[in-house]
Amino acid sequence: MDPFRRLRGALTAALVSILLIAASSRAPAATPETVVVTAADTAQHWTSPILLGGSGLDRSMCVEDVSCDTVHIELQPGDYTGKRILVSIDWTILSNDWDLFVFRDYIDGPVVGSSHDFVPQNREAVPITIDAVLTQPRVYAAHVVGAEFVAPEQVRGTVRVEPAMQQRTATRIYDGAFQFSASTTMSAPGSSRDCEPSLRVDTRGNCYVGGIRGVPGGVDLWRFDLDPASAAFDPEMRNPFYLGQPDAFADNDTTGGRDGGGDIDIATSFPASAQVPVVTIVSLAAANISSAVSTDRGNNFALSPAVANVPADDRQWIEADGPNNVYLMYRAPIPGDALLVQKSTDHGANYGTAVLVSPTGTTPGYIDVDHTDGTVYVAHMSGVALLVSRSTDGGATWTSHTADNSTSHGNLFDTVKVGDDGAVYVCWSDGQSVYLAHSSDHAATWSPAVKVSGDESPIAIFPWLEAGSAGRVAVVWYGSNVASNTNATDWRCWAAVTTDARAASPTFYLSEVGGHVIHASNLSLSGLTIPVVDEEPNRNLCDYFQVAIDPLGACVVAFTDDHNDFDGQTYTARQLGGPSLYASANGGTGVLPPFTPTPPPAQDPALPEVPDFLHDATQNGLQVIPADSPFDILSIDYDCAVVNGEPALVARMKVSDLTAPPAGMYWRVNFAANAPGPVADRGDQFYLRAAMDSPGATLTYGTAVRDTSGSLAYTERGAAAGELDAANQEVVMRVPLSALNAYVTHGPPVQAGSVLVGLRGQTGTMQQSTTRDETRGGGSYKVCGSLVAVRDPSTPIEMALGQPSPNPGRGSVTVPITLSHPAWVDVGVFDPSGRRVRTLIAGTLPAGSRRVFWDARTDAGHHAPSGVYYLRLTAGGVMRSRRTVLVH
């Protein structure tokens, strides 16, 4: 994320609007307005009028021939086989920031490419491969836009005809043996989103997954056990252990917020002995970077705020080398955007002086280290080229090399990784496809690119990679079902593994990750800036996701998914079969050991479809309400009833307290019918709402639709029925199925047997208050299934929490829990005021008995002070509590 660029853009847009209003006459157009190009040409040129620039972050705000300029490029029929055109602009004033967008046929037609680097620089370029015999003219529209308020000047444009870069060809195999586990969703108390996941698996099989809430909400972190020798080995990643927020302030802070949340990256050390690898987390704050270090698998963190030597920084990446070193790379100061690296020799607690890697306005792609010789590599890109800088002296000096300029670049992010044999790999997207290239001489020279993505994803973006043994590489990306980035697009997560990445024609094994559409709208390819098309950016999936390798050589993927949620949330999946990324795996066969996937835990229809955390409602945006509250959702249970002789849908939202709801607040539940995928945004979306806008509650129902910004837009359709059941702390809402069916457009009527998905809920106020709670997406509901279901009366719902032991506890406490049914379970530790101190369990557990351990620490990893605490179990719509005393 880049909060400074957004703020700067807003200010400059306001300033330039004054200047544009003052312009009383239209400026001259480009000379010429149409550039005619033949296959025999080498170059053709144009010049813009004197432009003011200053359209800020929104290209649609510019005024033609005043702050932007359009030129049409007409390719005449001819033989362009083996050729491309390079559309470029250049200018004189280095502090000016001009951007270039190229469309097919007409302005705002299909996007061909864009180039929008940062100052200081004076060139933008978009390569377009033709490689065909044209029998009729082909037209492109080039749009030159002043991104910021700039000094008036004339921009020079060039269309150059040149040989197309040669690429390697690939064989793509969709092999059922290469498969992934069903995806698992992460959850954290108080979080309405967790996106841009970072992922690491250390040498002992500890898998760390982190996601961002956004500045200043902080980041969340979870751990999985992927050690195949461990009794808790979790090959299908069903059991995330929540580690809290490493960038948390002091435990006694009640104002809310964390020291970061803008971006996250993770590094794990490589100890020579059997000691536990150190894990380091960096989080982007509003004007600096915080670094947190743990030596005990993330249970406790020591936070070092403001570690960047250069403030006003952005997009930090880290990588560890050996037992102690961590390299931090970022760009700063905004808007200068030089690339800088700082080295830490104490795991990331402290960092040395910043060293300049590159002064140009390139975007940082990633950083990696060759663990055999300590060489450090940094990838960074402009709109037209991918560069890799190299340091052989611990980051003190750097040399830069061009890794690729055969396609456009900068589609978040161009990544670099080093294989176990020292080969260096880069991957990127040109906005349409994902490519891979390698270097066998320490980044000095590079192979031709090979296209990894295929027909499965007409658009492939946000690529990431990881490298293992010689030639063994994993690449992941988000792929669309159509060759466009619009609100009609369905996105899936894809992975490819190759064992011969350096071959003249490598073979890639492809598989979908997650098994469903993860997003059903447009995406933003420009971070916080407005995308090329003239619609709001949908940033629910944020800007990237990552892949790692576990000890068996399986690729592990953490990605963002909003198919069932209000906003993007972090999901994980692990490769279960096919080629290993380690040649020595499985007795030297180089394939993963056989594993038979097991079905995900089945939803129990006797339990509420939507669970939520106790005491995770917030006020003032970030501050948790540490008490029972009418805003605090515990669960949502869907049911069916007969009202006035016809079936009606019933939703029961349980909250922790309903005795005195304030005027102006509301409770809302969401659901969708006829949703293929199941993706709520592809079906008929509805809501039920109860609002305290009169002496009693007013109940309504309506329809919902996801807009291009990623938010839901609501339309009220009529009155619903229901009541506030204070005795059971439930808000009950009912609507006849016939009322819903008047607005069904995506399939058959909602009736007995219909399946509803996208089940989730919100609380808030009708004023612009920030007091609220928001659930994650729940399971599914079969309409009126309860009227025909046959239930076993011998299995009543019982969720039990036993007595803590020892009590008083000295240093640790255990408590038994017993579940009669499989259920999503929240076990938390709370202080006497009701504030959550530690989350012990946050996930789905099978029926049965087990003991839960509390190490007497807080979610921030600090020792909890002596005193009285309450262990609370929330599961199946019920809550149980036990008192314990902690004595140090």
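Residues numbered from 1 in each chain as written. Predicted model: local features only at pLDDT ≥ 70, side-chain atom pairs only at ≥ 80, totals over all residues. Heavy atoms only, no water.

Participant: Looking at this model, I keep getting lost on the state of the cysteines. Mind explaining?
Facilitator: Chemically, a disulfide is nothing more than a covalent bond linking the sulfur atoms of two cysteines. In this structure the tally under the stated criterion is 3 disulfides. Put simply, C62 and C68 are joined by a disulfide, and their sulfur atoms are 2.2 Å apart. Here the disulfide of C62 and C68 is right-handed, its torsion about the S-S bond being about 75°. Across the pair, C68 and C62 agree in class, each one buried. The partner cysteine of C640 in its disulfide is C784, sulfur to sulfur 1.9 Å. Of this pair, C640 sits in strand β45 (residues 633-643) while C784 is found in the loop between β55 (781-782) and α4 (785-788), placing the two residues 144 residues apart along the sequence. With respect to burial, C640 and C784 carry one shared label: buried. Looking at the chain, its bonded cysteines, counted consecutively from the start of the sequence, adopt the pairing 1-2, 3-4, 5-6. There is no disulfide at C207, and the cysteine sulfur nearest it, in C555, is 12 Å away. Of the cysteine sulfurs around C427, a residue in no disulfide, the closest is that of C493, at 13 Å. For C427, a relative accessible area of 0% puts it in the buried group. (Disulfide = S-S within 2.5 Å. Buried < 20%, exposed > 50% of the residue type's maximum accessible area, 1.4 Å probe, protein only. Helix = DSSP H or I, 4+ residues; strand = E, 2+ residues; numbered from the N terminus.)

Participant: Quick question: what am I supposed to make of the nonpolar core here?
Facilitator: Inside soluble globular proteins, nonpolar side chains tend to come together where they are buried. The biggest cluster of nonpolar side chains holds 71 residues, and the ones touching the most others in it are V426, Y478, V557 and F559. Here this core takes 5 residues from strand β28 (residues 376-381), the largest share from any one element. Setting aside chain neighbours within four positions, we find F559 in contact with S183, P197, Y478, C493, V513, G514, I518, F545, Q569, T570, Y571 and T572. Counting 38 residues, the second-largest nonpolar core is a separate cluster that includes L688, V731, L737 and V744. (Core = buried A, V, L, I, M, F, W, Y, C linked by side-chain atoms within 4.5 Å. Contact = heavy atoms within 4.5 Å.)

Participant: Explanation requested: the sheet that holds strand β3 (residues 68-75) in the structure shown.
Facilitator: Spatially, β1-β3-β10-β6-β7 is the arrangement adopted by the 5 strands of the open sheet, whose pairing is mixed. Two strands lie at the open edges of the sheet, namely β1 (34-37) and β7 (111-115), each paired on one side alone. The mean inter-strand angle of the sheet, taken between neighbouring strand axes irrespective of direction, is 20°. Pairing of β1 with β3 involves 4 bridges; the strand directions are parallel. Pairing of V36 across the sheet is with E74, part of β3. (Pairing = 2+ DSSP bridges. Axes fitted to C-alpha atoms, helices over the stretch in contact; angles between N-to-C directions.)

Participant: Any chance you could explain the sheet that holds strand β46 (residues 646-655) here in plain terms?
Facilitator: Note: strands within a sheet are paired through backbone hydrogen bonds, in either parallel or antiparallel orientation. One open sheet holds the 5 strands; their spatial order is β42-β45-β46-β52-β51, and the pairing between them is antiparallel. Bordering the open sheet on either side are β42 (610-611) and β51 (721-725), each of which pairs with just one other strand. The pairing of β51 with strand β52 (residues 730-736) spans 5 bridges and is antiparallel. Within β52, the position partnered with A721 by the bridge is R734.

Participant: For this particular structure, what's the right way to read the pairing of strand β53 (residues 755-765)?
Facilitator: The side chains of a regular strand alternate between both faces of the sheet. Buried residues dominate β53, accounting for 10 of its 11 residues. Note: β53 against β55, 2 bridges, orientation antiparallel. Counted as the bridge partner of V755 is K782 from β55. Strand direction decides the pairing type here: β53 and strand β54 (residues 773-774), joined by 2 bridges, are antiparallel. By the bridge assignment, T763 is partnered in β54 with D773.

Participant: Teacher, can you tell me more about the packing of aromatic side chains here?
Facilitator: The relative placement of two aromatic rings is captured by the distance of their centres and the angle of their planes. Tallied over the full model, the rule gives 19 aromatic pairs. For the pair Y366 and W464, a centre-to-centre distance of 4.9 Å together with 80° between the ring planes defines the contact as edge-to-face. Taken as a pair, Y366 in strand β27 (residues 363-369) and W464 in strand β35 (residues 460-467) lie far apart in primary sequence, 98 residues in all. Taking relative accessible area as the criterion, Y366 reaches 0% and is therefore assigned buried. Centre to centre, the rings of Y638 and F671 are 6.1 Å apart; their planes meet at 75°, and the pair counts as edge-to-face. Of this pair, Y638 sits in strand β45 while F671 sits in strand β47 (residues 665-673), and the two are 33 residues apart along the sequence. Accessibility expressed as a relative area gives 2% for F671, which makes it buried. Taken together, the ring pairs connect W317, Y366, F413, W464 and Y544 into an aromatic cluster. The lysine or arginine in question, R315, covers the ring of W317, its NZ or CZ lying 3.4 Å from the ring centre. In this arrangement the basic side chain of R760 is found over the ring face of F566, its NZ or CZ atom lying 4.8 Å from the centre. (Phe/Tyr/Trp six-rings, centres within 6.5 Å; stacked < 30°, edge-to-face > 60°. Lys NZ or Arg CZ within 6 Å of the ring centre and 35° of its normal.)

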